[in-house]
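So you can see what is in the structure, the chains are spelled out below.
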Amino acid sequence: MATLADIGLSAGVNILSAFIFLLAFALLRIQPFNDRVYFPKWYLKGLRSSPTHSGTFVTKFVNLDFRSYLRFLNWMPDALRMPEAELIEHAGLDSAAYLRIYLIGLKIFIPITFLALAILVPVNFTNSTLALANVTYSNIDKLSISNIPLGSQRFWAHIVMAYVFTFWTCYVLLKEYEMIATLRLQFLASERRRPDQFTVMVRNIPPDPDESISELVEHFFLVNHPDHYLTHQVVYNANKLEDLIEEKKKKQNWLDYYQLKYSRHPEKRLLTKTGFLCLSGEKVDAINYYSSEIERLTKEIAEERERVKTDSKCIMPSAFVSFRTRWGAAVCAQTQQTSNPTIWLTDWAPEPRDIYWPNLAIPYVHLSIRRLIIAVAFFFMTFFFMIPIAFVQSLATIEGIQKVAPFLKPIVQARFIKSLIQGVLSGLVLKLFLMFLPAILMIMSKFEGFISLSSLERRSASRYYLFNFVNVFLVSVIAGSAFEQLHSFINQSANQIPKTIGEAIPMKATFFITYIMLDGWAGVAGEILRLKPLIIYHLKNFFLVKTEKDREAAMDPGSLGFNTGEPQIQFYILLGLVYAVVTPILLPFILVFFGFSYVVFRHQIINVYNQEYESAAAFWPDVHHRIVVALVISQVLLMGLLSTKHAASSTPFLIALPILTVWFHMFCRGRFEPAFVRYPLQEAMMKDTLERAKDPKFNPKAFLQSAYVHPVFKAADEEEEEELKVGEDMEPEGKLVPTKRQSRRNTPAPSKLSGDSSTSPSQPGIVHDA
C-alpha cells in the first residue's frame, strides 16, 4: 500500500515528466520545420503558410527570435481566448461539446472538493479507529471514512454530504444537457447545407424477381414519397476494390521513396526483396519491381471496378435516398415505411465523410448475429482479463516482487526504490497493460457492422468504460483490497469480515491517486507533445515527399479520439463521485486533471485536430447516461460501506438517493434526448423555407448527385460526369409511376424512365432521379 511518501514521490516524478513534456513542446512548436506538426489544422484550412518558404537557410529550420522563447507558455492563454461560438464555427459542435465534458468535471468537483475538504476531512481525521484496528493503513487513510468508529453519529455528515453532492451533480447535468440540446438545435439551424440533411439510409430492401435494387428503390419512393423523392444511390460491395487501391497506394509510396533516393544517388543501384515484408525472396531492381507492381494493380483495379459495375451480386439491398427538402427527408427517416417493420428500414444517413464504407457490404440480416457474437466475446474478454490484471498488479508491489524474485529484496527495500515501486510502478503496469485495448474494442465494433465512424467510436467508448469499471475499478478496489487484508480475514471471526471489507475499500484510494497522476497528468502532457506524429512526419518528409501535396499528405493532424478520451474522463468522474464522501483527499488530484486537460485539448482542437466527421454532439446522451450511472454506483457503494459500519439508523436514509437519481435520468431522457435522435419537422420546414428565400436558384439534384458515391468510384465518376446526365427534375402530375414489375403489378404500364436500365444494375456514381 502506498504511503504519503510514496505519493509524494509519484507526484514529483509525474509533475517532472509533465514539465519536461510541456517544455519540449514549447520549444519544438516554435521551430519553423515543425510548424506543420503543431499547427496542421490551419494548413488544412488554407489559413497558414509555411515559414520555411522565406528567410535565410538557418531561419527556415531554427527560430532565432529569442523573445519567442521567453513566451513559451503563451499557448495556454491563447487556447482559452477563443470564444465558444467561434470555436464551434472553427472546429464544429462535436469538439466544443467534447470540451464541455471537462467543464462538467470542473463544475461538479470544484464545489464538492471545497465542501468535502472543509467538512468531511476534519470529521474523518479527528478519530483513531485505524490506529486501534488490526488492518494495514496509511496516513492518507486517516482522512477517509475508514477512520470513523462503528455506529458513530458522525456518519450523518457523510449522508448529508451525499445528498448535497447528488443534488449538485444532477443540477449541473440538467443545465449542461439543456445547454447542449440548445446548441445542437442552433447548430443544425445555422449549419451550412450538407448532403446528410437531405438523405436517408434505407436498409433491408426486399428482393423482387422483376426489378433490380435500383429500380425497386426508385419505384417505392416515387409511390410513397412522390412530392419529395429526388435521387438515390445504391450501395455496392466494393471492399475488394478498396483493398486493391490501398495496396496500390502503399506500392506507390515505396516507388516514390526509391525514386527520391535514386535522384539523390543516381550512381547507386537500388535493390529490394520480393518476399514477405521485403525481408526474403529474390533481390530485384526496386524501381522496376514497384513500377511493374503498380502496373499490375492498375489493371486489376480496372477489372475489379468493371466487375462491380456489372455483377448484380455486388449490389447490396441498401441505398442512400435523397429528397428535395429536409422536411421530406425527416418524414422518411423518422417513420415506418411499410406494415412489415423488418423491411424498408430507414434512418438518417451519416454525412459522407462519417461513413465507414466496408461495413455497408454486410447484409442487414447478419448484424444481429454479429452483435451477439461480439457481446459474448466481450463478456469473456472482460472477465478473463481480471486474472492477468490482478496478477500483474500483484507483481508490481513490494510483496509481489519479493515473492517472485527473492534475490531483489535488498534492492526493493531501499527507501527510494520502495516508494518508486508503490507510487509509480503499479499504475504504470496497469497503463501499459491497457495500451492495446482501444484497438481491440474498435475491431470488435467494426465486426458488429456499424456503418459510421461516429457510431463505431461511441460503441467502443461504451465498452471501454464498462471494461474500465470492471477491470480497473472493481478489480483494483474490491479484489485488491481483499488480497491486502487476507491476513486479517484469516485471523478474524466470520462476523468481523464485513467490517474489514468496509474499512479496506477506501484504502485503495492511494492507488488511484498515483494512477491519476500518471495517466491524467503526465499522459495528457504527452498528448500535446505529439512525439509519434512528429517523428513520422519528418521521416515521410525526408523519404517520400516530392511535392507540396505530398507534404500536406504527410501531416497527421489526428482527431479527438472519442473512443479513448471520453471513457478516460468518465472513469475519473466515477472515481471522484465514489471517493467524494469516502476519501475526499483524492478530489484535488482529479481537479488538476480536468483543468489541465481542458487547456491542453482546447489547444489541440484549435490548432491540431481535424475531425473526421461532425455529428452535432449526438454522443451527449451517452455522456449524460454514464455520469448518472457513476452517480448511482457511488450511492450503492456508500450504502454498502455504511452497512458494515453498524450505521443501521442512518443508512436507510440513503435508499432514496438512487431512486431520485434514476427518476432524474428518466426526466432528462424524456425532456432532452429526442433532440438528439429526431429532427423536429418544424425546424426542418423553417430551414427549407429560409433557404428557398435566400437561394431560390439552388439545385438539389446537382448538389446531391455524387455525394454518396463510394470513394473508390469518385475518380471514374469525374471522368464520365459530362456523359452521365440523366432524368428530368420532376414527373408531371398524374404520370404513371416507373416500374417494370410484371408480378404483383400495381401500376398500369411499364416505366419508360427505367426501361433502359432494366437489363443491368445501376452504375456506381449514376444517381437515379425522380
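Residues numbered from 1 in each chain as written. Predicted model: local features only at pLDDT ≥ 70, side-chain atom pairs only at ≥ 80, totals over all residues. Heavy atoms only, no water.

Q: Looking at this structure, how should I read the overall build of the protein chain?
A: A count of helical and extended segments in the protein chain gives 33 helices and seven strands. With 770 residues in all, the protein chain has 51% of them scored as buried. Within the protein chain, counting contacts between residues at least 6 apart in sequence, those at least 24 apart form 81% of the total. Summing over all exposed atoms, the protein chain offers an accessible surface of approximately 36100 Å²; the carbon and sulfur share of this is 63%. (Helix = DSSP H or I, 4+ residues; strand = E, 2+ residues; numbered from the N terminus. Buried < 20%, exposed > 50% of the residue type's maximum accessible area, 1.4 Å probe, protein only. Contact = heavy atoms within 4.5 Å. Areas by Shrake-Rupley, 256 points an atom, 1.4 Å probe, with all protein chains shown as cover.)

Q: Please clarify how the packing of aromatic side chains should be interpreted in this entry.
A: Any aromatic ring pair is given by two values, namely how distant the centres are and how the planes are angled relative to each other. A full pass over the atoms with the stated rule returns 49 aromatic pairs. Each ring, one from Y102 and one from F601, has its centre 5.6 Å from the other, and the planes form 15 degrees; the classification is stacked. Residue Y102 is located in helix α7 (residues 93-125), and its partner F601 is located in helix α27 (residues 587-607); the two are separated by 499 residues in the primary sequence. Considered together, Y102 and F601 belong to a single accessibility category, that of buried residues. A ring pair is formed by F511 and F512, whose centres lie 5.2 Å apart and whose planes are at 65 degrees; its orientation type is edge-to-face. The same class applies to F511 as to F512, namely buried. Positioned over the ring face of F698 is R193, at 3.7 Å from the centre of the ring. (Phe/Tyr/Trp six-rings, centres within 6.5 Å; stacked < 30°, edge-to-face > 60°. Lys NZ or Arg CZ within 6 Å of the ring centre and 35° of its normal.)

Q: Honestly, the pattern of salt bridges in this entry has me stumped. Any pointers?
A: A side chain of one charge can pair with a side chain of the opposite charge if their charged atoms are brought near each other. Under the counting rule described, the total for this entry stands at 23 salt bridges. Salt-bridge contacts for E351 lead to R353; the nearest nitrogen and oxygen are separated by 2.9 Å. Under the relative-accessibility criterion, R353 is labelled partly exposed at 44%. Between R669 and E673 there is a salt bridge, with the nearest N and O atoms lying 3.6 Å from each other. What you see here is one network of salt bridges that share partners, running through R193, R326, D688, E691 and D695. (Salt bridge = Lys/Arg side-chain N within 4 Å of Asp/Glu carboxyl O.)

Q: I'm lost on the packing of helix α9 (residues 155-190) against helix α26 (residues 562-582) in this one. Help?
A: Angle between the axes and distance between the axes are the two parameters that describe a pair of packed helices. Following both chains from N to C, one finds α9 and α26 inclined at 150 degrees, their axes separated by 9 Å at the closest point. By the angle class used here, α9 and α26 are roughly antiparallel. The interaxial crossing formed by α9 with α26 has right-handed handedness. Of the residues in α26, those in contact with H158, A162, F165 and T169 of α9 are L577, A580 and V581. Partitioned by chemical class, the residues of the contact of α9 with α26 number five nonpolar, two polar and no charged. (Axes fitted to C-alpha atoms, helices over the stretch in contact; angles between N-to-C directions. Parallel < 35°, antiparallel > 145°, perpendicular 65-115°, else oblique. Left-handed = near helix turned anticlockwise from the far one by under 90°. Nonpolar A, V, L, I, M, F, W, Y, C, P; charged D, E, K, R; others polar.)

Q: Can you help me understand the state of the cysteines in this one?
A: Formally, a disulfide is one covalent bond, and it connects the sulfur atom of one cysteine to the sulfur atom of another. Across all of its chains, the model carries zero disulfides by this definition. Of all cysteine sulfurs in the structure, the one in C170 sits closest to C668, which takes part in no disulfide; the separation is 7.7 Å. By relative accessible area, which is 0% here, C668 ends up buried. (Disulfide = S-S within 2.5 Å.)

Q: Would you explain the side chain of R305 in this entry?
A: Looking at the secondary structure, you find R305 in helix α12 (residues 286-310). Within the local environment of R305, its side chain forms a polar contact with the backbone oxygen of V712, the two atoms lying 3.2 Å apart. (Polar contact = N/O pair within 3.5 Å; in protein donor to acceptor, adjacent residues only side chain to side chain.)

Q: Quick question: what am I supposed to make of helix α6 (residues 84-91) here?
A: Three or four residues apart is the spacing at which side chains of an α-helix point the same way, because the helix has 3.6 residues per turn. Of all the residues in α6, the buried ones are L87, I88, H90 and A91. Along the axis of α6, the buried residues cluster in a sector spanning 165 degrees; they form a single face. Those residues of α6 that are exposed and aimed more than 90 degrees away from the buried face are A85 and E89. Residues of α6 that are buried make contact with α3 (40-44), α7, α9 and α27. (Arc of directions from axis to C-beta.)

Q: Sorry if this is basic, but what is going on with the packing of α7 against helix α28 (residues 620-643) here?
A: Direction vectors running N to C along α7 and α28 enclose 20 degrees, while the axes themselves pass 11 Å from each other. It follows from the interaxial angle that α7 and α28 lie roughly parallel. At the point where α7 passes α28, the crossing takes the right-handed sense. In contact with A97, R100, I101 and I104 of α7, α28 contributes W620, V623 and I627. Tallied by class, the residues present in the contact of α7 with α28 amount to six nonpolar, no polar and one charged.

Q: Teacher, can you tell me more about a nonpolar patch on the surface here?
A: Taken together, the side chains of L372, V376, F379, F380, F383, F384 and I387 present a nonpolar region at the surface, about 740 Å² in accessible area. With six residues, helix α14 (residues 367-384) is the single largest residue contributor to the nonpolar patch. Following the sequence through the fold, F379 ends up in helix α14. (Patch = residues over 30% accessible without salt bridge, like charges linked within 9 Å, V, L, I, M, F, W, Y side chains within 5 Å.)

Q: Looking at this model, I keep getting lost on unusual backbone geometry. Mind explaining?
A: A negative phi angle characterises most non-glycine residues, just as the trans form characterises most peptide bonds. The phi dihedral of W344 falls on the positive side, at around 50 degrees, and the residue is not glycine. On the secondary structure map, W344 appears in the loop between α13 (326-333) and β6 (345-348). In this model, A617 sits at a positive phi of 60 degrees, which is unusual for a non-glycine residue. Note that A617 resides in the loop between α27 and α28. Its relative accessible area of 0% is what places A617 among the buried residues.

Q: I tried to follow the nonpolar core on my own but got confused; where do I start?
A: A general tendency of soluble globular proteins is for nonpolar side chains to be buried together. Grouped together as the largest cluster of nonpolar side chains are 138 residues, with contacts concentrated most on F109, L575, F594 and W620. Apart from residues lying up to four places away in sequence, W620 is in contact with A97, R100, I101, I104, E176, Y177, I180 and F676. In this structure, L297, I301, A333 and F713 belong to the second largest nonpolar core, which totals 31 residues. (Core = buried A, V, L, I, M, F, W, Y, C linked by side-chain atoms within 4.5 Å.)

Q: Hey, could you run me through the environment of L641 in this one?
A: As for its position among the elements, L641 is in helix α28. Overall, the relative accessible area of 5% leaves L641 in the buried class. Spatially, the C-alpha atoms of L641 and I145 are 9.2 Å apart, while their sequence positions differ by 496 residues.

Q: How do you make sense of the confidence of the model for the protein chain when you look at a structure like this?
A: When pLDDT is low, close inspection of the predicted coordinates is not appropriate. The pLDDT averaged across the protein chain works out to 82; a share of 81% of its residues lies at or above 70. For the stretch residues 722-735, pLDDT sits under 50, and the model shows 17 contacts to residues farther than four places along the chain or on other chains. (pLDDT = per-residue confidence, 0-100.)

Q: Help me understand the side chain of N607, please; the structure alone is not making it clear to me.
A: Along the chain, the position of N607 falls in helix α27. A polar side-chain atom of N607 sits 2.8 Å from a polar atom in the side chain of W42. Beyond its immediate chain neighbours, meaning those up to four positions away, N607 contacts Y38, F39, P40, K41 and W42.

Q: Can you walk me through the environment of G8 in this structure?
A: Within the secondary structure layout, G8 lies in helix α1 (residues 4-28). The partly exposed category is assigned to G8, whose relative accessible area is 40%. Remark: the alpha-carbon pair of G8 and T514, spanning 506 residues in sequence, is separated by 9.3 Å.

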